[in-house]
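Fold and geometry: a report
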Amino acid sequence: MNQDSNKPYQLRKAEKRVKEIKGFYVHLFVYFVINLIWILILVVSNDLSSYTQYGFWGMGYGQVSMAIFWGIGILTHWFLVFGKNMSFSKKWENRKIKELLDKENKYWE
């Protein structure tokens, strides 16, 4: 098989990978925005005092549990997108060393 016949497969694979990465970053962005809005609502409505009155979980709304469990979902999503290629093999070490040396050389040029 020559390289030209693999081109459509490689292109589809690259496009799929880009969509996975983009999906993760969108998920992460939405997580931070929703939690930030939730905190701002609590600050504006002065409901942060509920943490001292009703304990860590606050008035039963589950603000903390939402952030924790959604955070676990974010970590799972990260692992599914980036973790499958994460191995600290000798090949990875050599590639990382080369990358760092290239950065160092660019810095001094």
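Residues numbered from 1 in each chain as written. Predicted model: local features only at pLDDT ≥ 70, side-chain atom pairs only at ≥ 80, totals over all residues. Heavy atoms only, no water.

**Notes on the overall build of the protein chain**
The criterion, for reference: Numbered from the N terminus, helices here are DSSP runs of H or I no shorter than four residues, and strands are runs of E no shorter than two. Relative accessibility thresholds used throughout: buried, under 20% of the residue-type maximum; exposed, over 50%; partly exposed, between the two (1.4 Å probe, protein chains only). Residue contacts are counted whenever heavy atoms from the two residues lie within 4.5 Å of one another. Note that accessible areas follow from Shrake-Rupley with a 1.4 Å probe, and for residues the cover is restricted to the protein chains shown.
In terms of regular secondary structure, the protein chain is built from 4 helices and 0 strands. Classification of the 109 residues of the protein chain by burial places 13% in the buried group. Contacts in the protein chain between residues far apart in sequence, at least 24 positions, make up 65% of those at least 6 positions apart. Counting every atom, the protein chain has about 9,300 Å² of accessible surface; 67% of that belongs to carbon and sulfur.

**Here's the deal with the packing of aromatic side chains**
Under the convention used in this document: Centres within 6.5 Å are what make two rings of Phe, Tyr or Trp a pair, Trp counting through its six-membered ring; a difference in plane orientation under 30 degrees is then read as stacked, over 60 as edge-to-face, and the rest as tilted.
Evaluation of the coordinates by the stated rule reveals 6 aromatic pairs. On the numbers, 5.5 Å between centres and 90 degrees between planes, the contact of Phe 24 with Phe 82 is edge-to-face. Of this pair, Phe 24 sits in helix H1 (residues 3-44) while Phe 82 sits in helix H3 (residues 63-82), and the two are 58 residues apart along the sequence. On the accessibility criterion, Phe 24 (5% relative accessible area) is buried.

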